[in-house]
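# Commentary on secondary and tertiary structure
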Amino acid sequence: MEWTELIRIVLEALMGGGLIVTLYTLRETKRKAVEEVQAMQTTNADSILRTNEEYIVKPLKREINGLRATVRNLTKVLQKVLDCPHAAGCPLRGELQQLYDIDASFDADPDGHANRVRDGT
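## As for the overall build of the chain
Check the secondary structure of the chain and you find two helices and zero strands. Taken over 121 residues, the chain has a buried fraction of 2%.

Set out below in structure tokens:
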């Protein structure tokens, strides 16, 4: 074996070792980058959930609870109107009955499906 061949073997070992270290370093860098991206995605998802809860869900819950209370009060008033001893000649009851009849005929189409959009009448 000549000394040039020995130098070539040593250089190949050094270069090959450097390549292995470089590949390992690249793999570790990629793994760390993937972990950082996953951590950011988790943080973003948590932030979105908190924002939705604060600005969408809570106000809608308050609105729904307010509407429930209003419907409950309206139901009580309507029941009192229906139970009124003067109901036969009451103009208010007649108007309410007409509104109910109009609303009931509007809510059901000929196929029996409920309409979702109202025209404001």
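Here the narrative resumes.
## Quick look at the pattern of salt bridges
When their charged atoms lie close together, side chains carrying opposite charge are able to pair. Scanning the entire structure with this criterion turns up two salt bridges. Across the pair Arg31 and Glu28 runs a salt bridge, and its minimum N-O distance is 2.7 Å. Here Glu28 and Arg31 lie together in helix α1 (residues 3–82), a separation of three residues that amounts to about one turn. Residue classification places Arg31 among the partly exposed positions, given a relative accessible area of 38%. Arg31 serves as the salt-bridge partner of Glu35, at 2.7 Å between the closest nitrogen and oxygen.

## Remarks on the confidence of the model for the chain
Counting all residues, the mean pLDDT for the chain is 79, and 76% of those residues have values of 70 or more. Here residues 114–121 scores under 50 on pLDDT; set against residues more than four positions off or in separate chains, the count is nine contacts.

## Thoughts on a positive patch on the surface
Side chains of Arg68, Arg72, Lys76 and Lys80 sit close together on the surface and give a patch of like positive charge. If you trace the backbone, Lys76 turns up in helix α1.

## Brief notes about the environment of Glu54
By the secondary structure assignment, Glu54 is in helix α1. Judged by relative accessible area, which is 45%, Glu54 ranks as partly exposed.

Quick notes on the rules
- Residues numbered from 1 in each chain as written.
- Predicted model: local features only at pLDDT ≥ 70, side-chain atom pairs only at ≥ 80, totals over all residues.
- Heavy atoms only, no water.
- Helix = DSSP H or I, 4+ residues; strand = E, 2+ residues; numbered from the N terminus.
- Buried < 20%, exposed > 50% of the residue type's maximum accessible area, 1.4 Å probe, protein only.
- Salt bridge = Lys/Arg side-chain N within 4 Å of Asp/Glu carboxyl O.
- pLDDT = per-residue confidence, 0-100.
- Contact = heavy atoms within 4.5 Å.
- Patch = residues over 30% accessible without salt bridge, like charges linked within 9 Å, V, L, I, M, F, W, Y side chains within 5 Å.
- Areas by Shrake-Rupley, 256 points an atom, 1.4 Å probe, with all protein chains shown as cover.
- Lys, Arg positive; Asp, Glu negative; His and termini not counted.
- Charge placed at Lys NZ, Arg CZ, Asp CG, Glu CD.

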